[in-house]
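Analysis of the macromolecular model
What follows is each chain in one-letter form.
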Amino acid sequence: MSEPQDRVWEVFRQEAEGDPMVHGGSVRAPDEELALHYAREFYGRRQESHRLWVVARDSIVELDDPDLLDPPFDRSHKRPGGYIIKHKLEAAKARAATTGAPEVEE
Amino acid sequence: MNDQALTDAFYAHVMGGGKVEADDWMPDDYRAALLKFVEMHANSELMGVLPEREWILRAPTLRRKLALTSKVQDEVGHAQLLYRVAEDLGKPREQMLADLLAGKTKFHNVFHYPTRSWGDVGIIAWLVDAAAIVSQQALRDSSYAPYARTMKKICWEESVHIMHGRDVVLTLMNGTDAQRAMVQEALDRWWGPLMQMHGPKTDPATDRDLIWKIKSKHNEQLRQEFLSIYVPRILELGLTIPDPALRYDQAEGRWQYTEPDWDELRSVVTGHGPMSQQRLEFRRTSRDDTQWVRDAIIGPATVAAA
């Protein structure tokens, strides 16, 4: 049985102008008016939030695809950390130093 | 995966430092242990405001009255946040409140005692909240992520309470001899319950809450941490701690103290403390008195009273 008072609302808050909205927690309320009241009491009384959102939990659509989010195969080529250049760079510099790099025109 | 394989994979995940979200599958015994832990915490926040609320009308200045009112509102807010975490685990909030009022579930020992003077308000806000924050900070690492996130917010607010309490104590200590004596008398009464608050030593090897990382530190670790930070801060004010055996053992690297009265702790948390029944009765009366508000906002209660 899902009574209206069982509705759960997720609260998102922005600490300062320009910051990302981050998840703060959740409140339970029959409608958005009371949800906002709770959110303001719990997350807005101490000058800790520049902006507050409440979103009904049942309105959130979640992507549930572990093969994409946590892929079983190596996907390191898609991330900066996938390129380890330290030793290659050292070798290239050493090589350039011994063979003599072309002088830069003044 | 069958149930056993799923269960094994779950425990391997949390014991390896992995986190669990509200919608994730979890074994029944993890859910039960977690619910019991969070529910007790929520009950303690809710009941914890009653000793202090008695002093709102007697606060010495307007600023103190505002601060105390705000602290009481914070603590009730913490109870609301924690009941929210707990109800996601499957137990309706109305049932948790009914069980609390029926004496079926517990709340922390320190909230079963009377507050006799304004000195108590300072000692509670400073040292009871400090002992609580030591364990709450450790809960920011809980394997149950919604609980861990809630603790981050709660710890931030508790740090304000500790400053408020320390400020009350410092003001009294800078006052008259009578005021200093009032703080000392309050500390003498609260020291026993404070030392009991984190509970008896447990064997970390068999403590399920610890193994499953519902909590990240065991009782004695928390008590030692509390003593290391707060004994010097108490002594530097010229206060005396009422335990002649209390000393830091350099060789062992730990605080030695008189064994706390565990019989008193057991008796108090099972509803036999000096104020246990009055506090529960106050909460029952307040639930009845405010029923019309809930009826007006969400309609007549759908859960039968206990």
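Residues numbered from 1 in each chain as written. Chains lettered and ligands numbered in written order. Predicted model: local features only at pLDDT ≥ 70, side-chain atom pairs only at ≥ 80, totals over all residues. Heavy atoms only, no water.

Description of the overall build of chain B
Counting its regular elements, chain B contains 12 helices and 2 strands. The order of helices and strands in chain B, counted from the N terminus, is α-α-α-α-α-α-α-α-α-β-β-α-α-α. Taking 19 Å as the expected radius of gyration for a compact globule of 306 residues, we find that chain B reaches 20 Å, a close match to that expectation. Sequence-distant contacts, at least 24 apart, represent 74% of the contacts inside chain B between residues at least 6 apart. As displayed, chain B has an accessible area near 14,100 Å², and 56% of this comes from carbon and sulfur atoms. If you average the places of the 37 positive and of the 43 negative side-chain charges in chain B, the two averages end up 3 Å apart. (Helix = DSSP H or I, 4+ residues; strand = E, 2+ residues; numbered from the N terminus. Rg over C-alpha atoms; globule rule 2.2 N^0.38 Å. Contact = heavy atoms within 4.5 Å. Areas by Shrake-Rupley, 256 points an atom, 1.4 Å probe, with all protein chains shown as cover. Lys, Arg positive; Asp, Glu negative; His and termini not counted. Charge placed at Lys NZ, Arg CZ, Asp CG, Glu CD.)

A word on the confidence of the model for chain B
On average, residues of chain B score 94 in pLDDT, and 97% of them are at 70 or above. Mean pLDDT values for the elements of chain B range from 87 in helix α12 (residues 291-298) of chain B up to 98 in helix α7 (residues 177-196) of chain B. (pLDDT = per-residue confidence, 0-100.)

Observations regarding unusual backbone geometry
Even without being a glycine, Q47(A) presents a positive backbone phi close to 55 degrees. Following the sequence through the fold, Q47(A) ends up in the loop between α1 (32-43) and β3 (51-56). Exposure remark for Q47(A): the relative accessible area of 81% places this residue in the exposed category. Located in the positive-phi region is K213(B), a residue other than glycine, with phi close to 60 degrees. Inspection of the secondary structure puts K213(B) in the loop between α8 (208-211) and α9 (219-235). (Buried < 20%, exposed > 50% of the residue type's maximum accessible area, 1.4 Å probe, protein only.)

Quick word on the layout of surface pockets
Residue and element names in this part refer to chain B. The calculated volume of the second largest pocket comes to roughly 1,200 Å³. In terms of lining, the second largest pocket is formed by 46 residues, of which the most central are F37, M40, H108, M197 and H198. Counting residues per element, the ones that place at least two in the lining of the second largest pocket are α2 (28-53), α3 (62-87), α5 (118-138), α6 (145-173), α8, α9 and α10 (262-272). Ranked by the residues each element gives to the lining of the second largest pocket, the list is headed by α2, at 11 residues. The residue inventory of the lining of the second largest pocket, partitioned by class, reads 15 nonpolar, 15 polar and 16 charged. (1 Å grid on protein atoms, 1.4 Å probe; cavity = no way out; pocket = protein on both sides within 12 Å on 5 of 7 lines; lining within 4 Å. Points joined across faces, edges and corners; volume = space filled by probe spheres on them. Nonpolar A, V, L, I, M, F, W, Y, C, P; charged D, E, K, R; others polar.)

Topic: the packing of α5(B) against α6(B)
All names here are of chain B. Put simply, α5 and α6 touch, their axes get as near as 8 Å, and they point 150 degrees apart. Here α5 is positioned roughly antiparallel relative to α6, judged by the angle of their axes. The handedness of the crossing between α5 and α6 comes out as left-handed. Residues of the contact of α5 with α6, tallied by class, amount to 13 nonpolar, 8 polar and 3 charged. (Axes fitted to C-alpha atoms, helices over the stretch in contact; angles between N-to-C directions. Parallel < 35°, antiparallel > 145°, perpendicular 65-115°, else oblique. Left-handed = near helix turned anticlockwise from the far one by under 90°.)

Regarding the interface of chain B and chain A
Contact with chain B, which involves 18 residues of that partner, is made by 16 residues of chain A. Here chain B meets chain A over a buried area of about 1,500 Å², counting both sides, of which 48% is carbon and sulfur. Our count for the chain B to chain A interface comes out at 7 salt bridges. For R28(A), the salt bridge goes to E94(B), with nearest N and O atoms at 3.1 Å. Our enumeration of links across chain B and chain A arrives at 10 residue pairs in polar contact (both at pLDDT 80 or more). Sorting the residues of the side of chain B that touches chain A by element identifies α3, α4 (93-101), α6 and α12 of chain B as the ones contributing at least two each. For the side of chain B that touches chain A, the element with the most residues is α3(B), which contributes 8 residues. Grouping the constituent residues of the side of chain B that touches chain A by class yields 4 nonpolar, 5 polar and 9 charged. (Buried area = accessible area lost by both parts, 1.4 Å probe. Salt bridge = Lys/Arg side-chain N within 4 Å of Asp/Glu carboxyl O. Polar contact = N/O pair within 3.5 Å; in protein donor to acceptor, adjacent residues only side chain to side chain.)

Comments concerning a nonpolar patch on the surface
All names here are of chain A. A surface patch of nonpolar side chains, about 320 Å² in accessible area, is lined by L63, L68 and L69. As for its placement among the helices and strands, L69 is situated in helix α2 (residues 66-69). The exposed category is assigned to L69, whose relative accessible area is 56%. (Patch = residues over 30% accessible without salt bridge, like charges linked within 9 Å, V, L, I, M, F, W, Y side chains within 5 Å.)

Let's talk about the domain arrangement of chain A
Many analyses report the size of an interface as the accessible area lost when the parts associate. Taken domain by domain, chain A comprises domain 1 (4-59) and domain 2 (74-99). Taken over C-alpha atoms, the centre of domain 1 of chain A sits 46 Å from the centre of domain 2 of chain A. (Domains from an automatic or database assignment.)

Notes on the sheet that holds strand β1 (residues 8-14) of chain A
All names here are of chain A. Ordered in space as β2-β1-β3, the 3 strands form an open sheet in which the pairing is antiparallel. A strand with exactly one partner marks an edge of an open sheet, and here the two such strands are β2 (22-28) and β3. Here the average twist between neighbouring strands, direction ignored, is 30 degrees. Against the sheet, α1 contacts β1, β2 and β3, and its axis sits at roughly 125 degrees relative to β2. (Pairing = 2+ DSSP bridges.)

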